[in-house]
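Understanding the architecture of this molecule
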Amino acid sequence: MFIMYPAQFNYFAPKSVDETLELLDKFRDDAKILAGGQSLIILMKLRLFSPKNIIDINKIPGLSYIKEEEGYLKIGALTRYSDLEYSDLIKSRYPLLYESIKHLADPIVRNVGTVGGNVCHNDPGNNLPSVMLAYNAEFLVKSISKQRVIKAIDFFIGPYQTALQSNEMVVEIRIPVQEPKNSGAYMKLERRAGDFAIVASAVNVSIDDNGYLKKVGIALGAVGSTAIKADKAEEFLIGKKADKEVIKKASEIASEQTNPSSTPFGPSAEYKKAMAKVLTFRAFKNALRKVGVEI
Amino acid sequence: MTVEITEEPKGVHGMGHKIRRKEDIRFLLGKGNYVDDIKLPGMVYLAFVRSPYAHAKIKSINVEKAKTLPGVIDIITGKELEKVGLAWIPTLMGDKMMVLPTDKVVYQGQEVVAVIAEDRYKAYDAASLIEVEYEPLEPVTDPKKALEQSSPIVRPDKNTNLVFKWEAGNKEETDKLFKEADVVVSQGFYYQRLHVAYMEPVGSIAHYDPVSGKLTIWMTSQAPHVVRTVFSLVTKIPENKIRIISPDIGGGFGGKVYVYPGYVVSAHASIKLGRPVKWIATRSEDMRSTAFARDYHIHGEIAAKKDGTILALRIKVISDHGAFFGDANPSKFSAGLFSICTGSYDIKAAHVEVVGAHTNKPPGGIAYRCSFRVTEAAYAIERLVDILAHELGMDPAELRLKNFIPPEKFPYKSALGWTYDSGNYAAALKKAMDKIGYWELRKEQEEKRKRGELMGIGISSFTEIVGAGPADLFDIVGIKMFESAEIRIHPTGKVIARFGTRAQGQGHETTYAQIISEILGIPVEDIIIEEGDTDTCPYGLGTYASRSTPTAGAAAAVSAKKILDKAKKIAAHLLEAREEDIVYEKGRFYVKGSPDKFKTIQDVALAAYTNPPPGIEAGLEAITYYNPPNMTFPFGSYICVVDIDKGTGQIKVRKFVAVDDCGNIINPVIVDGQIMGALTMSFGTAFLEEIRYDENGNIYGGSFAEYMIPTAIETPKWELDKTITPSPHHPLGAKGVDESATVGSPAAFVNAVVDALWHLGVRHIDMPLWPWKIWQILKEKGAVSDE
Amino acid sequence: MSQQLVHVKIIINEKAYEADIEPRLLLVHFIREIAGLTGTHVGCDTTNCGACTVILDGRAVKSCTLFAVQADGKKVLTIEGLAKDSKLHPIQEGFWVKHGLQCGYCTLGMIMAAYQLLMRNPNPTEEEIREGISGNLCRCTGYQNIIEAIKYAAEKMRGGVS
């Protein structure tokens, strides 16, 4: 404890995904992938985590990209947060993702931290797990012997735990391309700018030409052991016309799906549950306003 | 407010000039010289093993594995220090503290074993291999419990947790007035435990030269001279063979007055090994083991007449000092200058009692930008006055105006014994009210309240007490709290001036140069200011508690005037006139009536060495050890406006006006900088910062990931203004300013928030005002929104 | 264990520094201890304070949260490389003119964050400046004069201040 000098480790800097997968297969739980390292290196400095082998994937070409293709927004695992922040495509078409990135850590950390690293680290207080759940994102995962696609809902299984096997790595994040009348918003309550969320709510919503809710994604951060998809609230809303009462009800349903615990000397579970509702309501309010619906 | 374009520090710039700081260039180019920037040949590194327990017996220490690690040079335990009499050292408050424990640990994060290795990584590798076997003991972390009979005893060398009992004022008279009063308001306040959180963690490099027997220590110290004396007394090394250098310091705020175990162990290790030993605390180590601030449990009562006239004040405090009484107060003041708690008000009688307790927490109680417990005092009185106003249904501004000490009453003797040098409190408050549009805001608040919106306005009209201090009252370990300034003018008119203070960002290299430039008319670029080297600088007590300008600034002025006296004699000699006929004006001397035929201060300087008048010593220099006749009493009025989000409990500081009066100003840009910095720190205090301990003594808030220093995003935009009431006794009419805003503003923030909620039945909320606390209150009062 | 050493070459302020290092060596320690450039500071251990901010291949990074091996073959700009021909960079000048520093410890990080901000946004609003330096903590100034300094620099870099 109290240290800021990491323990020794063996360092590998593979030049390809295949080479990485070979190393992963060899070391399994004794290895850790270093992507942006903005969580990993902190843990290593404090010696809360001291992996024997570090596999640095930063020297692999072709793992950083943002493109729409085959009905998906495809994001390379090594894409930095700031690449998303300064992407016109993300800013104009993926407001939920954009807002969540703007509220992720700080501008300097965003230059280094990666989307792949964020989802794999699966910190319950971090931004992207809930965003991925709200978008119904998928992750393209590879191991030496196979590749598979894991849905976000199946991926985030517990605090700092994912469905990844020890020999697998995420190579791509896939978010379904959003419909024309789509919007979204990310509301994060934090102690201070750049801090982890006290509670966060991610909302992605599409409406039809008559103003009825066509697609809805809601997920909440920091109110359970991992990000929580508010599927009951989503179901409740589909096909309904968005008004204040409906959204309030949905926010309440979403809040009921959360399972927060009280923070010592900090916010109570009761507060967090209440905030889940308030923030979800506000996220909808902001998102709907962008598609011309006032509630 | 915006800063104007400042002038370059070239030419003669005296009082009131907005010049750029002389010290800045090295920092801007990355050429500052902080302790960790210094690298000596053969230097090795020290790391500590620290206690995971708040209270535990040390059963055994196994260093075998660590010893064999390549690169490890030495391992030092408390038992080893005990043999050389260094396991314990005295604190500045007459207590003693452990350097390394021999038998038991008394707080979590305490240094237990030191490792010396070739580099830092290896030192920490070795530290993590040292096995310490503990037998946990029951800890006590609540000072009230610590004072109960049944409490575990923190200290192995004491049989009580009571540190001191201190009181001031007239109890009988106070009690009598309380009985006669129409209204009595009483309220408990907890001023939470804080850390100063300077940006540069503490550290030292000790270098013992076995040939000369000289020990040089580079140290993050705000008070190097006193530390040298203490070191000499403890180690028996002659004081002239100890040199302490405080190089550039990355913020101090009171936290770098304390003597830390790392300083002592690095010195011991260097003497033992004959090599330079560097110790630099990591941030988390620093947060968990260096001196804390506040942790004051205050119970205040105020008695008044129905019309709002304040009669008397009664305050009881339980102060938590952690394991060692390590405050950096003047010796006679166990509770610092808390007795300034009658504040800006004409109060007939007051009584204060402070009881100090040991707990299983790190020591400190240091003066965090607070001039020795003045923040706690100002907070208590300004909260009490505000509650009184609300109870009486009076406007808080009007109640204050009614009770201020009127300007004609200065010098004013307070009920608790201080003689305030000067003040015009109503002028400052009225200026702040005008600037912020106070009555319009009250109107807006009324309208908003009708709509169910929560808006609050908070005032704080504080009085500071700085510039310790007069020798009859103030000393640290027996050394009188004078301050020194030595000015030397060389033959070519260039100046080196040396001081016993040590800036940590306050800009002494500029302000002191301006003082000298003001009096001697020498361009500021020709004046070099040096501080922080005990071998070269005159003895001084250091920089803290806003004392540098009131004491060292005055010393500089007196030294400059001494030089001027001699310069006049030399000028008379050069101008072949009588001394009494010499007129001095801004660096020039001439004979009365002939201003065109003059000698400059530079001419005089040259003559001082080349052509001194008969009977007068050569040279042009002076040294002063200034004993201030009184403290200075800066003051101000702050007004804060907040809006509260009923959905989340979040508070937004919409507007904040600060009107400060620190007497005559040397450099307005630097003064404003100090105020804005201190306001931001207090914004952190009010809303974000706290260190907590659970009952097992585990810390919460012990790293920068957990201790929430404000960023630029939430920090409000400050609006500053001034009134000027010169100090009648300071040679320049100046007062200290560095801490005014930390003293004055916490109450303004809390008063604003309580003002927003008073109609719901809220009297007080302890800091920090986290949104979840506010929301909980709103919920209880049925005022939350679910939108 | 006997530790593997890695040979790295890092270009700092246009000068190459080569060394055989342990992979665990943090970039900030390479800059300070091996290159001897002590203008870059360490203020915390949790990537909050930004006192170690440098520009790595055009992006501001916290050099305490990268291993030096990750910078192998890359270009680093530190505070020491900012002034050209003994003339302060406009950002440095802004900090001087507007009293944007006190103790000086966070200053280099603030300047590097501002450098990044102005690279991406030559005419930032006050809000954008506050956001742009939000990964850098300052305990002395209260940020207000830092914001003024960055505004000054932005104007000067756009050709507005002589």
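Residues numbered from 1 in each chain as written. Chains lettered and ligands numbered in written order. Predicted model: local features only at pLDDT ≥ 70, side-chain atom pairs only at ≥ 80, totals over all residues. Heavy atoms only, no water.

**So, the packing of aromatic side chains**
In the structure shown here, the tally under the stated rule is 48 aromatic pairs over all chains. Ring plane angle 70 degrees and centroid distance 6.0 Å describe the contact between F48 of chain B and W279 of chain B, whose orientation is recorded as edge-to-face. On the criterion of sequence distance, the pair formed by F48 of chain B in strand β1 (residues 44-50) and W279 of chain B in strand β14 (residues 277-280) is long-range, its members being 231 residues apart. When sorted by exposure, F48 of chain B lands in the same class as W279 of chain B, which is buried. An aromatic cluster is defined as three or more aromatic residues linked by ring pairs; in this entry it consists of Y345, F404, F410, Y412, Y420, Y425, F633 and F635 of chain B. Stacked on the ring of Y212 of chain A, the Lys or Arg K241 of chain A has its end atom at 5.2 Å from the ring centre. The ring of F178 of chain B has R314 of chain B sitting right over it, with the charged end atom 4.0 Å from the ring centre. (Phe/Tyr/Trp six-rings, centres within 6.5 Å; stacked < 30°, edge-to-face > 60°. Helix = DSSP H or I, 4+ residues; strand = E, 2+ residues; numbered from the N terminus. Buried < 20%, exposed > 50% of the residue type's maximum accessible area, 1.4 Å probe, protein only. Lys NZ or Arg CZ within 6 Å of the ring centre and 35° of its normal.)

**Observations regarding the side chain of S63 of chain C**
All names here are of chain C. By the element assignment, S63 lies in the loop between β4 (59-62) and β5 (75-77). Within the structure, S63 has its side chain in polar contact with the backbone oxygen of C52 (distance 2.7 Å). Those residues in contact with S63 that lie beyond four places of it in its chain are L26, L27, V28, I31, T40, C52 and V54. (Polar contact = N/O pair within 3.5 Å; in protein donor to acceptor, adjacent residues only side chain to side chain. Contact = heavy atoms within 4.5 Å.)

**Re the environment of I563 of chain B**
All names here are of chain B. On the secondary structure map, I563 appears in helix α15 (residues 548-574). Residue classification places I563 among the buried residues on the basis of a relative accessible area of 1%. Residues I563 and L520, spaced 43 residues apart in sequence, show a C-alpha to C-alpha distance of 8.3 Å. Once residues lying within four places of it in the same chain are set aside, the contact partners of I563 are I487, I489, L520, L620, E621 and A622.

**Some points on the domain arrangement of chain A**
Residue and element names in this part refer to chain A. Assigned domains within chain A: domain 1 (10-57), domain 2 (66-176) and domain 3 (182-290). For domain 2 and domain 3, the distance between their C-alpha centroids amounts to 19 Å. Tallying the contact residues gives 25 residues for domain 2 and 26 residues for domain 3. Summed over both sides, the interface of domain 2 with domain 3 buries roughly 1900 Å², with 58% coming from carbon and sulfur. Along the contact surface separating domain 2 from domain 3 lie one salt bridge. Here domain 2 and domain 3 share ten residue pairs in polar contact (both at pLDDT 80 or more) between them. For the side of domain 2 that touches domain 3, the residue count by class is 13 nonpolar, nine polar and three charged. (Domains from an automatic or database assignment. Buried area = accessible area lost by both parts, 1.4 Å probe. Salt bridge = Lys/Arg side-chain N within 4 Å of Asp/Glu carboxyl O. Nonpolar A, V, L, I, M, F, W, Y, C, P; charged D, E, K, R; others polar.)

**Notes on the interface of chain B and chain C**
Taken together, the contact pairs 66 residues of chain B with 49 residues of chain C. Between chain B and chain C the total buried area reaches about 4800 Å² when both faces are included, carbon and sulfur atoms providing 56% of it. Area buried by chain B at its contact with chain C is led by L28, Y121 and M199 of chain B, which between them contribute 18% of it. The interface formed by chain B and chain C includes seven salt bridges. D125 of chain B is the partner of R24 of chain C in a salt bridge, and the nearest nitrogen-oxygen pair spans 2.6 Å. Remark: the boundary between chain B and chain C carries 28 residue pairs in polar contact (both at pLDDT 80 or more). For the side of chain B that touches chain C, the elements supplying multiple residues, two or more each, are α1 (24-28), α4 (120-127), α9 (283-289) and α17 (668-687) of chain B. Considering each element in turn, the side of chain B that touches chain C owes the most residues, eight residues, to α17 of chain B. Residues of the side of chain B that touches chain C, tallied by class, amount to 32 nonpolar, 17 polar and 17 charged.

**Regarding the interface of chain C and chain A**
Where interface size is quoted, it is often the accessible area lost as the parts come together. Taken together, the contact pairs 35 residues of chain C with 36 residues of chain A. Of all residues in chain C, R24, D45 and F67 of chain C bury the most surface against chain A, accounting for 20% of the area lost on that side. There are four salt bridges connecting chain C and chain A. Across the pair R59 of chain C and D83 of chain A runs a salt bridge, and its minimum N-O distance is 2.4 Å. At the boundary of chain C and chain A, one finds 14 residue pairs in polar contact (both at pLDDT 80 or more). Only β4, α3 (107-120) and α4 (126-132) of chain C provide two or more residues apiece to the side of chain C that touches chain A. The element best represented in the side of chain C that touches chain A is β4 of chain C, accounting for four residues. Tallied by class, residues from the side of chain C that touches chain A come to 13 nonpolar, 14 polar and eight charged.

**Section: helix α8 (residues 261-273) of chain B**
All names here are of chain B. The terminal C-alpha atoms of α8, which comprises 13 residues, lie 18 Å apart, in line with the 18 Å expected from a rise of 1.5 Å per residue. Summarising burial for α8: ten of the 13 residues are buried, a large majority. Listing the buried residues of α8 in full gives P261, G262, Y263, V264, V265, S266, A267, H268, A269 and S270. Trailing α8 by a residue or two, G274 shows a phi angle of about 70 degrees, which is positive. (Expected span 1.5 Å × (residues − 1).)

**Focus: the UniProt feature "domain: Aldehyde oxidase/xanthine dehydrogenase a/b hammerhead" (unreviewed entry) in chain B**
According to UniProt, the "domain: Aldehyde oxidase/xanthine dehydrogenase a/b hammerhead" (unreviewed entry) feature falls on residues 29-138 of chain B. End-to-end, the C-alpha atoms of residues 29-138 of chain B are 52 Å apart, and along that stretch the chain is 16% helix and 37% strand. (UniProt positions renumbered as here; feature names shortened; annotations may be inferred.)

**Some points on the packing of helix α5 (residues 95-102) of chain A against helix α8 (residues 128-135) of chain A**
All names here are of chain A. Between α5 and α8, the shortest axis-to-axis distance is 10 Å and the interhelical angle comes to 175 degrees. The angle between the axes of α5 and α8 places the two elements in the roughly antiparallel class. Contacts between α5 and α8 involve P95, L96, L97, S100 and I101 on the former and, on the latter, L128, V131, A134 and Y135. Of the residues belonging to the contact of α5 with α8, the class tally is eight nonpolar, one polar and no charged. (Axes fitted to C-alpha atoms, helices over the stretch in contact; angles between N-to-C directions. Parallel < 35°, antiparallel > 145°, perpendicular 65-115°, else oblique.)

**Structural notes on the environment of S246 of chain B**
Residue and element names in this part refer to chain B. Note on placement: S246 falls in the loop between β13 (242-245) and α8. The class of S246 is buried, set by a relative accessible area of 1%. Linking S246 and V477, residues 231 residues apart in sequence, is a C-alpha distance of 20 Å. Aside from chain neighbours lying at most four places away, what touches S246 is M219, S221, P224, R502, E531 and G532. Engagement of the side chain of S246 in a polar contact is seen with the backbone oxygen of S221, the distance being 2.8 Å.

**A short note on the sheet that holds strand β35 (residues 718-722) of chain B**
Residues and elements named next belong to chain B. Pairing is mixed across the open sheet formed by four strands, whose spatial order is β21-β31-β32-β35. Each end of this open sheet is capped by a strand with a single partner; those strands are β21 (454-463) and β35. Each strand of the sheet is rotated relative to its neighbour by a mean of 15 degrees, with strand direction disregarded. Strand direction decides the pairing type here: strand β32 (residues 651-661) and β35, joined by five bridges, are parallel. If you follow A658 over to β35, its bridge partner there is L720. The strands that helix α13 (residues 438-450) touches are β21, β31 (635-644) and β32; relative to β21, the one it contacts most, it runs at about 145 degrees. (Pairing = 2+ DSSP bridges.)

**Structural notes on the domain arrangement of chain B**
Residue and element names in this part refer to chain B. Domain parsing of chain B yields domain 1 (35-137 + 201-249 + 256-289), domain 2 (292-412 + 420-468 + 630-780) and domain 3 (483-626). Relative placement of domain 1 and domain 3: their C-alpha centres are 41 Å apart. Across the boundary between the two partners, domain 1 contributes 19 residues, which contact 18 residues of domain 3. Of the roughly 1400 Å² buried where domain 1 meets domain 3, counting both sides, 48% is carbon and sulfur surface. The interface formed by domain 1 and domain 3 contains three salt bridges. Scanning the region where domain 1 abuts domain 3 turns up twelve residue pairs in polar contact (both at pLDDT 80 or more). Residue assignment for the side of domain 1 that touches domain 3 shows that the elements contributing at least two residues are α7 (224-235) and β13. Sorting elements by how many residues they give to the side of domain 1 that touches domain 3 places α7 first, with five residues. Residue classes in the side of domain 1 that touches domain 3 are distributed as nine nonpolar, five polar and five charged.

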